[in-house]
Amino acid sequence: MCLAIPAKVISIEPDDMAVVTVENVRKRISTALLDQVAIGDYLLIHVGYALHKLSEEEAAHTLSLMAEAGILQDELDEISGEPSCAT
């Protein structure tokens, strides 16, 4: 389905890159679209890009809603590999 999903920043890398985690899945993403990103921030990510910062509460609520709707695992499966979303 390839929806945007909240993830927590666990490390910052050079060249506007970061490593995020969601439900024990780690992903290297671009942070070039955001002004400042720090370890511990929650970001809305989509196809390898951080789109927006979220509060921890917003991230948890969104993940809960995705799980309740039955789409969280599909999204985790997609981000753990290389998603191929049509744009």
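Described in the following lines is the structure provided in the data block. (Residues numbered from 1 in each chain as written. Predicted model: local features only at pLDDT ≥ 70, side-chain atom pairs only at ≥ 80, totals over all residues. Heavy atoms only, no water.)

### As for the overall build of the protein chain
This is how the line gets drawn: Only DSSP runs of H or I reaching four residues or more are called helices, and only runs of E reaching two or more are called strands; each is numbered from the N terminus. Note on exposure labels: buried denotes an accessible area under 20% of the residue type's maximum, exposed denotes more than 50%, and partly exposed covers the range between, all computed with a 1.4 Å probe on protein chains only. Each accessible area is a Shrake-Rupley result for a 1.4 Å probe, and residues are judged covered by the shown protein chains and nothing else. A residue counts as positive if it is Lys or Arg and as negative if it is Asp or Glu; His and the chain ends are not included. A charged residue contributes its charge at one atom only: NZ of Lys, CZ of Arg, CG of Asp or CD of Glu.
Helices and strands together make up the secondary structure of the protein chain, namely two helices and five strands. Projected onto its principal axes, the C-alpha positions of the protein chain cover 35 × 30 × 20 Å. Taking all 87 residues of the protein chain together, the buried fraction comes to 33%. Accessible surface for the protein chain amounts to roughly 5,400 Å². Of this, 49% is attributable to carbon and sulfur atoms. In the protein chain, which carries 5 positive and 15 negative side-chain charges, the distance between the mean positions of the two groups comes to 8 Å.

### Re the nonpolar core
To be explicit about the condition: In plain words, nonpolar cores are sets of buried Ala, Val, Leu, Ile, Met, Phe, Trp, Tyr and Cys residues tied together by side-chain atoms within 4.5 Å. Note on contacts: a residue pair qualifies if any of its non-hydrogen atoms lie within 4.5 Å across the two residues.
In this structure, Ile-5, Val-20, Val-22, Leu-43, Ile-45 and Leu-76 are the most contacted members of the largest nonpolar core, which totals 18 residues. Those elements giving two or more residues to this core turn out to be β1 (5-13), β2 (17-22), β3 (25-30), β4 (42-46), α1 (56-68) and α2 (72-80). With residues up to four places along the chain from it excluded, the contact list for Ile-5 reads Val-22, Leu-43, Leu-44, Ile-45, Leu-63, Met-66, Leu-72, Glu-75, Leu-76 and Ile-79.

### Quick notes on the environment of Pro-14
Position of Pro-14 relative to the elements: it lies in the loop between β1 and β2. By relative accessible area, which is 61% here, Pro-14 ends up exposed. In this structure, the C-alpha to C-alpha distance between Pro-14 and Glu-58, residues 44 residues apart in sequence, is 27 Å.

### Observations regarding the environment of Glu-57
Note that Glu-57 resides in helix α1. Since its relative accessible area comes to 59%, Glu-57 is described here as exposed. A sequence separation of 15 residues divides Glu-57 from Tyr-42, and the C-alpha atoms of the two residues are 9.5 Å apart.

### Re the pairing of β3
Selection rule: We call two strands paired when DSSP finds no fewer than two bridges between them.
In this structure, β2 lies alongside β3, joined through six bridges in antiparallel fashion. Looking at the pairing, Val-19 lines up with Arg-28 of β3. Here β2 hands over to β3 after two residues, with Glu-23 in that stretch at a positive phi of 50°.

### Some details on unusual backbone geometry
The residue Asp-15 is not glycine, and still its phi comes out positive at about 60°. With phi around 50°, Glu-23 is a residue other than glycine that occupies positive phi space. As for its position among the elements, Glu-23 is in the loop between β2 and β3.

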